[in-house]
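# Fold and contact review
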Amino acid sequence: MVPPRAGSGLISVVAAVIWAAAYTTLPVSSDRPAHRRFGDANGPPLTFSAGFTSDAVLENSNPQIYGLVDGGYTSTAKVTVTVSGVGPTGAAIAPYSVTAEVQAPSPPSLPGAGTCQASCLAAGHCCTGVISECSQPSCVMGCMVAERTSGLDACETQCKNISSKCEYTLGTGDNVIKFQTCFDCPKLANGTQCTSCDNTQCLDGCKYAYTGGSPGTWKAALKPAAPGGSYTISVGCTGCGSGAPALVLERVTYGQVYLCSGQSNMDLSSMYTFSNPEEIAKAKQGAYGNVRLFMFGDMGTKYEEDAPAWATTSGTIGSASDSGGTWGNMSLAVSNSSGTPTLFQSFSATCLYFALELTEQLGPSAPPIGLIQTAIGGSQIEAWMPADALSRCTNESLNTDGQAPPSRLFNGMIAPFANTTVTGFLWYQGENN
């Protein structure tokens with residue numbers, strides 16, 4: 001067990017490193033933003049990214065909010081974010097709005113891979129080769145052509161020029177690719193042959209690669225605000241299709257935000273510490289009302305991300321679980337109506353006790369404090385490092401035997417928050433490697 005929480009000295013050994021987002025828009029060029037829907041192939045057309053739910057804490061000096069727009073948006077699509085509510089003094093603020101352009105993703109980084117191919121299959125284009133059974137370029141070939149063209153129009157033009165000849169060359173120089181097009185259409189699991197024989201499959205692949213099956217990203221910078229208050233944030237979109245309802249976050253506040261990550265030393269729940277009953281009792285009596293918790297959950301399928309998920313819908317709805325969860329205020333965090341451990345008990349002890357100690361040290365002036373937990377026990381540091389950092393480790397032998405391959409936990413559990421403005425971060429990797 002972890003010993004009782006230390007006294008006033010604890011806060012002095014934890015460094016709060018400033019980690020303000022450096023992007024004015026989400027990165028969507030060289031690294032394609034991976035994403036998750038809400039378990040539905042026809043997910044909501046407009047969403048927030050992970051970490052933005054009602055009861056969220058936004059960093060007050062440079063607050064930013066971002067999310068995804070699913071396929072079907074126009075080139076002029078814009079997201080409008082409106083903020084209203086009451087400030088820390090209890091007086092209503094003058095509502096204001098900011099707009100953000102929808103950034104289209106780049107083409108896939110791997111031929112026929114990722115969300116473009118998945119969109120082809122979801123649309124019923126079951127032929128995964130480059131030529132369909134009726135000697136027409138397949139949907140997946142459209143995904144591949146998109147890599148070697150500069151835009152949707154150019155991709156569609158190339159698709160219309162492709163014939164059924166056995167070899168087709170596209171691109172120039174280092175970007176050239178030869179398509180071997182003499183493939184039979186594969187059979188489905190039930191033994192039937194794919195029957196989609198129209199000549200629009202390649203065009204559909206172009207559409208999915210650029211907009212139709214791949215979400216765009218949006219990001220808005222909000223006005224700085226004094227710590228505290230209770231705000232409503234409404235988000236709508238023009239040019240996102242008729243099925244894009246407005247999104248609303250309620251009871252949002254401004255303050256300090258800390259991201260907590262690492263392996264088991266950070267992942268260890270507060271229920272396994274001696275101080276837990278005492279701290280729960282204090283919280284139930286009204287202490288620590290300024291602290292709010294967001295638990296991104298276990299790695300689930302997040303370790304499967306082969307590119308940084310700069311924006312992701314995983315973890316934006318539901319309760320704290322394998323896929324993520326919602327923000328919980330302290331009243332919710334200590335409540336237990338189901339007989340299962342509370343959010344307070346399940347949350348990282350190191351992360352949680354940091355905020356409780358900070359609150360006690362600051363006293364009445366303590367601002368709202370938001371904690372984001374995204375940690376995996378037993379994980380190797382290689383899994384948490386981005387690919388470009390690993391590529392510079394020329395004198396070290398990388399450990400590929402961990403729970404997740406190198407870079408995968410960065411891609412799925414750190415990248416989604418890399419554009420979130422935070423006050424600092426706490427990393428406790430421990431001794432696993």
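Everything below is about the structure printed above this text.
Numbers given to residues run from 1 along each chain, matching the order in which its sequence is written. It should be noted that, the model being predicted, local features are given only for residues of pLDDT at least 70 and side-chain atom pairs only at 80 or more, the latter also being counted only at that level, while totals for whole chains, interfaces and linings use all residues. Side-chain numbers here rest on the full set of heavy atoms in the structure, without hydrogens or water.

### Digging into the overall build of the protein chain
Regarding its fold elements, the protein chain presents 11 helices and 14 strands. Residues are treated as being in contact if the distance between any of their heavy atoms lies within 4.5 Å. Pairs at least 24 apart in sequence give 78% of the contacts found in the protein chain among residues at least 6 apart. For accessible areas, the Shrake-Rupley method is used with a probe of radius 1.4 Å. Any residue's cover is judged against the shown protein chains and nothing else. Accessible surface computed for the protein chain: about 18,600 Å², of which carbon and sulfur atoms make up 52%. The helix and strand labels rest on DSSP assignments: H or I over at least four residues marks a helix, E over at least two residues marks a strand, and numbering proceeds from the N terminus.

### Focus on the pattern of salt bridges
What makes a salt bridge here is a side-chain nitrogen of Lys or Arg within 4 Å of a carboxyl oxygen of Asp or Glu, nothing more. The final tally for this structure, using the stated rule, is five salt bridges. Two residues, glutamate 360 and lysine 282, come together in a salt bridge whose shortest N-O distance is 2.8 Å. Taken as a pair, glutamate 360 in helix H9 (residues 349-362) and lysine 282 in helix H6 (residues 276-284) lie far apart in primary sequence, 78 residues in all. Each residue's exposure class comes from its accessible area (1.4 Å probe, protein chains only) as a fraction of the maximum for that residue type: buried when under 20%, exposed when over 50%, partly exposed otherwise. Among the residues examined, glutamate 360 registers a relative accessible area of 36% and is labelled partly exposed.

### A closer look at the packing of helix H2 (residues 139-147) against helix H3 (residues 152-161)
Where H2 contacts H3, the two axes come as close as 9 Å, and the packing angle between them is 125°. The angle between H2 and H3 falls in the class oblique. Seen along the crossing, H2 lies across H3 with a hand that is right-handed. Here H2 contributes Gly142, Val145 and Ala146 to the contact with H3, which in turn contributes Cys155, Gln158 and Cys159. Note on residue categories: nonpolar means Ala, Val, Leu, Ile, Met, Phe, Trp, Tyr, Cys or Pro, charged means Asp, Glu, Lys or Arg, and polar means any other residue, Gly included. Grouping the amino acids of the contact of H2 with H3 by side-chain chemistry returns four nonpolar, two polar and no charged. Fitting a line to C-alpha atoms yields each axis, with helices limited to the stretch in contact; the angle taken between N-to-C directions then spans 0 to 180 degrees. Roughly parallel means an angle under 35 degrees; roughly antiparallel, over 145; roughly perpendicular, 65 to 115; everything else is oblique. Note on convention: the crossing is left-handed when the near helix lies turned anticlockwise from the far helix by less than a right angle, right-handed when the turn is clockwise.

### Focus on the pairing of strand S13 (residues 369-375)
S13 sits mainly inside the fold: seven of its seven residues count as buried. Covered by surrounding structure in S13 are Ile369, Leu371, Gln373 and Ala375 together with Gly370, Ile372 and Thr374, the residues of both alternating faces. Of the strand pairs in this sheet, strand S10 (residues 247-262) and S13 are connected by seven bridges, and their pairing is parallel. Note that in S13 the partner of glutamine 256 across the bridge is isoleucine 369. In short, DSSP must find at least two bridges between two strands for them to pair.

### A short note on the environment of isoleucine 233
Inspection of the secondary structure assignment puts isoleucine 233 in strand S9 (residues 228-238). Relative accessible area serves as the criterion here: at 0%, isoleucine 233 is assigned to the buried category. Residues isoleucine 233 and serine 84 lie 149 residues apart in sequence; the distance between their C-alpha atoms is 6.6 Å. Residues in contact with isoleucine 233, not counting those within four places in the same chain, are Leu58, Ile65, Val81, Thr82, Val83, Leu222, Leu247, Val248, Leu249 and Val252.

### So, the sheet that holds strand S3 (residues 64-69)
Taken together, the three strands give an open sheet; going across it, the order is S1-S3-S8, and neighbouring strands pair in antiparallel fashion. Because the sheet does not close on itself, it has two edges, and the strands there are strand S1 (46-48) and strand S8 (216-221). Sheet twist, expressed as the mean angle between neighbouring strand axes with direction ignored, is 30°. Strand direction decides the pairing type here: S1 and S3, joined by three bridges, are antiparallel. Bridging across to S3, leucine 46 finds its partner in valine 69.

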